[in-house]
Amino acid sequence: MCGRYYLRSDKQRIAEAFRVEIPPTFDILPSYNIAPQTMQPVVRLDHETGHRELVLMRWGLIPFWAKEAKISYSTINARVETLTTSAAFREAVKYRRCLIPADGFYEWQHLGPKTTQPYAVALRDGSMFAFAGLWENWNDTTTRERLETFTIITTEPNELIHPLRGPILHDRMPAILAPADYERWMAPADPARLPTDLLRPFDATRMSAWKVSAAVGNVRNDSPELCREAL
DNA sequence: CCAGACGTTGTT
DNA sequence: GTCTGG
DNA sequence: CCAGACGTTGTT
DNA sequence: GTCTGG
């Protein structure tokens, strides 16, 4: 986790849920199968004005010191345990914490060496939520090209993803924030006092998981059925 | 010292 | 940019 | 998963 | 066709 998620809400719903202004020209298409390396909406704080803004960024963080903006699947997630020490994330976690709007995500349960069963996971009440994320700004020194990228933080699994008894879906899960914590997650903070205490497994009783078909794994598939099956 | 890494999860 | 390993 | 590679020899 | 890297 988390290598695939979905966002079926339109920009009006996103604007309301995250109390953010969205320019009229800003288009977001609902997607039931969001893959790494694609452009996705991200909520961040403009430190100059103090206002929240919604911007499109590429999923897969490129560190500012990288020589080239080479696609890397290894930075689509950042482990909460290593946020402050890893070279790729330790600067971003100080100054560039963000929210990634989502309606659900997928987990592939390992049934055998070559068998998996994908599940969709979402909030019980169907409401939109936010992954805790980091973003980074990469500049090409020669072409002046700018590229903004983001990563989704992962944490320990909760009782739904990794039950004491019953089938285990996975050993990690994305960090999900309660709306009450959005402000504190994004607000400027003393680097010695980062709000990493918010990155705990989300309340399992408020979530549900259900089987979906293997078509979820194919990025060319993008229909509501992907996350609704067997609900 | 200099070169090389710097990261994580997924997959029938 | 900065740390680590050789 | 999907996209892309898949190989060897010679040579100042 | 089948393996590898992303």
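In what follows, the structure referred to is the one given above.
First, a word on what this report is: a plain description of the structure on this page.

Analysis parameters
- What you see as residue numbers is a count from 1 along each chain, following the sequence as written.
- All chains are assigned letters beginning with A, and all ligands numbers beginning with 1, in the order in which they are written.
- Reporting in this predicted model follows two pLDDT cut-offs: at least 70 for local features of residues, and 80 or more for side-chain atom pairs to be given and counted; totals over whole chains, interfaces and linings ignore these cut-offs and use all residues.
- As a convention, hydrogens and water are excluded, and side-chain values are obtained from all of the structure's heavy atoms.
- Numbered from the N terminus, helices here are DSSP runs of H or I no shorter than four residues, and strands are runs of E no shorter than two.
- Both definitions apply: the radius of gyration is a C-alpha atom measure, and the globule rule equals 2.2 Å times residues to the power 0.38.
- Buried means the residue's accessible area, taken with a 1.4 Å probe over protein chains only, is under 20% of the maximum for its type, while exposed means over 50%, and partly exposed covers the values in between.
- Contact definition: two residues touch when any of their heavy atoms are within 4.5 Å.
- Each accessible area is a Shrake-Rupley estimate made with a 1.4 Å probe; only the visible protein chains count as cover when residues are assessed.
- The charge count includes Lys and Arg as positive and Asp and Glu as negative, but it does not include His or the ends of the chains.
- Charge placement uses NZ in Lys and CZ in Arg. For Asp and Glu, CG and CD serve respectively.
- A pair of strands counts as paired when DSSP detects no fewer than two bridges linking them.
- For the purposes of these results, a polar contact is taken to be a pair of N or O atoms within 3.5 Å, where, inside protein, one atom must be able to donate a hydrogen and its partner to accept one; residues adjacent in sequence count only when each atom of the pair is a side-chain atom.

**Quick notes on the overall build of chain A**
Along its length, chain A carries four helices and 13 strands. Against the compact-globule benchmark of 17 Å for 231 residues, chain A has a radius of gyration of 17 Å, which places it among compact chains. When its C-alpha atoms are laid out on the principal axes, chain A stretches across 50 × 40 × 35 Å. When burial is assessed residue by residue, chain A has 50% of its 231 residues classed as buried. The long-range share in chain A, meaning contacts at least 24 apart out of those at least 6 apart in sequence, stands at 68%. Just so you have it, chain A exposes about 11,700 Å², and 52% of that area is on carbon and sulfur atoms. For chain A, the distance from the average site of its 28 positive side-chain charges to the average site of its 28 negative ones is 4 Å.

**Structural notes on the pairing of strand β9 (residues 129-139)**
Counting buried positions along β9 gives nine out of eleven residues, so the element sits mostly inside the fold. Here strand β6 (residues 97-102) pairs with β9 via six bridges, running antiparallel. Residue pairing across strands places Pro101 opposite Ala130, the latter belonging to β9. As paired strands, β9 and strand β12 (residues 176-177) are joined by two bridges and run antiparallel to one another. Within the sheet, the bridge partner assigned to Ala130 lies in β12 and is Leu177. In sequence, β9 turns back onto strand β10 (residues 146-155) through a hairpin of six residues, with Arg144 there showing a positive phi of about 65°.

**Comments concerning the environment of Phe202**
Within the secondary structure, Phe202 sits in the loop between α3 (182-186) and β13 (207-211). The spatial distance from the C-alpha of Phe202 to the C-alpha of Gly133 is 15 Å, given a sequence separation of 69 residues.

**Quick notes on the side chain of Asn33**
Mapped onto the secondary structure, Asn33 falls in strand β2 (residues 31-34). On the accessibility criterion, Asn33 (5% relative accessible area) is buried. Among the polar contacts made by the side chain of Asn33, one reaches the side chain of Arg4 at a distance of 2.7 Å. When near neighbours in sequence (up to four residues on either side) are disregarded, Asn33 contacts Arg4, Tyr5, Tyr6, Ala215, Val216, Asn218, Val219, Asn221, Asp222 and Leu226.

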